[in-house]
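Structure at a glance
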Amino acid sequence: MNRTTLSLIAGTAALAAVTGFATLSTPDATGTDTAKAAAELPVERTSLMCPAPSISDLAETSYTSFTPVTKGTGGQGKAELRSATEQSADGDSGDKGKKKTEKPVLTPKEPGTPVTGDTSGGDTPAILGTAEGKFAPGWALQETTEVAAGIGRGLQGVNCTAPDTEFWFPGASTAADRTDYVHLTNPDDSAAVVDIELYGKDGAIDSSVGEGITVQPHSSEPVLLSTLTDEKQENLTVHVNVRSGRVGAAVQALDDRLGGDWLAASTDPTPSLVLPGVPKDATAVRLVAFTPGDSDADLKVRLASPSGVITPAGNETLHVKAGMTTAVDLGDITRGEAGSLILTPTDQSVPVVAALRVVRGKGADQETAFIPATAPVGTRATAADNSAKGTTLSLVAPTRAAKVKVTASAGSDGGTAVSKTFTIKAGTTENVDAPVPSGLKGTYALTVEPLSGGPVYAARTLAATEDGVPGFTIQTLPDDRGTVAVPEADQDLGVLQK
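Residues numbered from 1 in each chain as written. Predicted model: local features only at pLDDT ≥ 70, side-chain atom pairs only at ≥ 80, totals over all residues. Heavy atoms only, no water.

1. Examining the overall build of the protein chain
Secondary structure summary: the protein chain contains two helices and 38 strands in total. Across the 498 residues of the protein chain, 52% fall into the buried class. At a minimum sequence separation of 6, the contacts of the protein chain that also span at least 24 residues come to 81%. On the protein chain, roughly 21000 Å² of surface is accessible, and the fraction owed to carbon and sulfur atoms is 49%. (Helix = DSSP H or I, 4+ residues; strand = E, 2+ residues; numbered from the N terminus. Buried < 20%, exposed > 50% of the residue type's maximum accessible area, 1.4 Å probe, protein only. Contact = heavy atoms within 4.5 Å. Areas by Shrake-Rupley, 256 points an atom, 1.4 Å probe, with all protein chains shown as cover.)

2. Describing the packing of aromatic side chains
The tally for this structure, following the rule as stated, stands at four aromatic pairs. Among the aromatic residues, those joined into a cluster by ring pairs are Trp-168, Tyr-199 and Phe-290. When the ring centre of Phe-472 is taken as origin, the NZ or CZ atom of Arg-360, which lies over that ring, is 4.9 Å away. (Phe/Tyr/Trp six-rings, centres within 6.5 Å; stacked < 30°, edge-to-face > 60°. Lys NZ or Arg CZ within 6 Å of the ring centre and 35° of its normal.)

3. A few points about the nonpolar core
In this structure, Leu-275, Leu-287, Leu-341, Leu-343 and Leu-356 are the most contacted members of the largest nonpolar core, which totals 29 residues. Here the element with the most residues in this core is strand 21 (residues 297-305); it accounts for four residues. (Core = buried A, V, L, I, M, F, W, Y, C linked by side-chain atoms within 4.5 Å.)

4. As for the state of the cysteines
The full count for this structure, using the stated rule, is one disulfide. Disulfide pairing is shown between Cys-50 and Cys-160; the S-S distance is 2.0 Å. Because the sign of the S-S torsion sets the handedness, a value of about 105° for the bond joining Cys-50 and Cys-160 places this disulfide among the right-handed ones. Of the two residues, Cys-50 sits in strand 2 (residues 45-50) while Cys-160 sits in the loop between strand 9 (154-159) and strand 10 (166-172), which places them 110 residues apart along the sequence. The exposure class of Cys-50 is buried, given its relative accessible area of 0%. (Disulfide = S-S within 2.5 Å.)

5. Description of the sheet that holds strand 24 (residues 326-331)
Where strands meet in a sheet, backbone hydrogen bonds hold them as pairs that are either parallel or antiparallel. Strand order in the open sheet formed by four strands is 24-20-26-27, with antiparallel pairing between adjacent strands. Of all strands in the sheet, those with a lone pairing partner are strand 24 and strand 27 (365-372), marking the two edges. Looking at each pair of strands side by side, their axes are set apart by 20° on average, direction ignored. (Pairing = 2+ DSSP bridges. Axes fitted to C-alpha atoms, helices over the stretch in contact; angles between N-to-C directions.)

6. What about the pairing of strand 24?
Burial along strand 24 is one-sided: Thr-326, Val-328 and Leu-330 are buried, and none of Ala-327, Asp-329 and Gly-331, which face the opposite way, are. Here strand 20 (residues 284-290) runs beside strand 24; their pairing, made up of five bridges, is antiparallel. Bridge pairing in strand 24 links Ala-289 to Thr-326.

7. Section: the sheet that holds strand 28 (residues 381-386)
Strand order in the open sheet formed by four strands is 28-35-30-32, with antiparallel pairing between adjacent strands. Edge positions in the sheet fall to strand 28 and strand 32 (418-424), since each has one partner strand and no second. Ignoring strand direction, the axes of neighbouring strands in this sheet form an average angle of 20°. For strand 30 (residues 402-408) and strand 35 (residues 444-453), the ladder comprises seven bridges, and the chain directions are antiparallel.

8. Looking at the pattern of salt bridges
Scanning all chains against the criterion turns up 13 salt bridges. Lys-78 serves as the salt-bridge partner of Glu-80, at 3.7 Å between the closest nitrogen and oxygen. Glu-80 sits in the partly exposed class, given a relative accessible area of 42%. The salt bridge partner of Glu-110 is Lys-134, with a shortest N-O separation of 2.7 Å. Of the two residues, Glu-110 sits in the loop between strand 5 (85-86) and strand 6 (115-120) while Lys-134 sits in the loop between strand 7 (127-133) and strand 8 (140-147), which places them 24 residues apart along the sequence. Overall, Lys-134 belongs to the buried group, its relative accessible area being 14%. Beyond isolated ion pairs, a larger network of salt bridges with shared partners links Glu-234, Arg-286 and Asp-329. (Salt bridge = Lys/Arg side-chain N within 4 Å of Asp/Glu carboxyl O.)

9. Digging into the side chain of Thr-61
The topology assignment puts Thr-61 in strand 3 (residues 59-66). Side-chain polar atoms of Thr-61 contact the side chain of Thr-145, separated by 2.9 Å. Residue contacts for Thr-61: discarding those within four places in its chain leaves Pro-53, Gly-117, Asp-118, Thr-119, Glu-143, Thr-144 and Thr-145. (Polar contact = N/O pair within 3.5 Å; in protein donor to acceptor, adjacent residues only side chain to side chain.)

10. Description of the confidence of the model for the protein chain
Looking at the protein chain, the pLDDT average stands at 87 and 85% of residues meet or exceed 70. Contacts of residues 1-35 to residues separated by more than four positions or lying in other chains number 51 contacts, the stretch itself having pLDDT below 50. Low confidence marks residues 87-102, where pLDDT is under 50. Its contacts with residues over four positions away, or in another chain, come to 25 contacts. (pLDDT = per-residue confidence, 0-100.)

11. As for unusual backbone geometry
Even without glycine at this site, His-218 takes up a positive phi of about 55°. For Arg-335, which is not glycine, the phi dihedral falls at a positive 50°. Relative to the helices and strands, Arg-335 is located in the loop between strand 24 and strand 25 (339-345). Arg-335 gets classed as exposed once you look at its relative accessible area, which sits at 68%.

12. A few points about the environment of Gly-248
Residue position: Gly-248 is located in strand 17 (residues 248-255). Since its relative accessible area comes to 4%, Gly-248 is described here as buried. A C-alpha to C-alpha distance of 6.3 Å links Gly-248 and Asp-164, two positions 84 residues apart in sequence. Excluding its chain neighbours within four sequence positions, the residues that come into contact with Gly-248 are Met-49, Thr-161, Ala-162, Pro-163, Phe-167, His-183, Leu-184 and Thr-185.

Rendered as structure tokens:
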């Protein structure tokens, strides 16, 4: 084996550790595959992006950064947060008329301890974050905004996301009482080119305005959905497709009457979906689904409650026409108990994306949050920015019973980490009595680690009541991608080097 081959193997392993991709098979001269089983190693570098939080001058935003302790990391590393620049009307990225944040909103602490930072006002920019070494594996960054009054008032929260090339957002809207933005953030040194496609109840909506949107390097651009079409549609699916480069994307959904929140992307299209963590006091739940393929989807609709799986009367199945957004109102489906929605195909397996719009409160005191379909926790998942009284952790085991370890980190200003273990019965959802750090001061992180059994899905609800209005936000907890599989060669490559 020559040096070129060795360099290729080393380069592939290094790329895997940085990006999370690891596929390497090295045949010998006879064509026999000599790769061993992959080793799980901590990622060495990761990126997260937080969208610009609010246009309201009454907005108060906090950022919380947390990296769980991961075995196998060295003692070195760093994490940095810096401001993105918004694009001007002519597409340039620059400083004209824009406020710059010269000082980072926060400086991450050692793994195992969260750190928070605050900003105020409606001109806070998007944030670009990178973490390396010991700070990278499982890095979580939460953006939480309180808006005291006006459109979108209430509590808005979003997990800052990694860059990607495709996103699906069922549950957006161009209705008269909604103001929805797609926030696109480019972390890289070259421009990204993005198409935004809209799908309503009758299929694709013609809009040349959404084609070929350029997002300049290290910049962020909010795109108002109502500028892409004249059609007023209550329920839309937004498809963000990146032609070149990569971006972070999230939808900010603001309602004139029902407050607002962030709509995170649904998990990739798949035949079966889990939407965890519907609040037990939800007064209205709407399911929005879309299938991007050429075939219709027929889905069983079930609710995983604390006592088992329930089929909601009148909504036993859902028919989703190909290329068309379908919505159904499920009312107060949880009826005072914790719940998670499970969607499975009745017959033919057709990939689907979906999300829930959840309303709490009544009359003028109502607030909205969204739950997208999500991937399972996998190895580990983390929710940052928790409070002792306002946090609810929901766990669901849709197919088999599962044993789960939940760890509350040290507090941002003091306190000692605490862990608890829970057993979730098959087909049930539990709002578990999550641990709180002893001697807690400040905020803390919750880390979820399945120990045995079937797949586990999780969501965290953060609530804060302001003047009687039940402000809340919900974040799902997919795997944190803190480790990556890197194959080991079957032979000592150093001996074979020529």
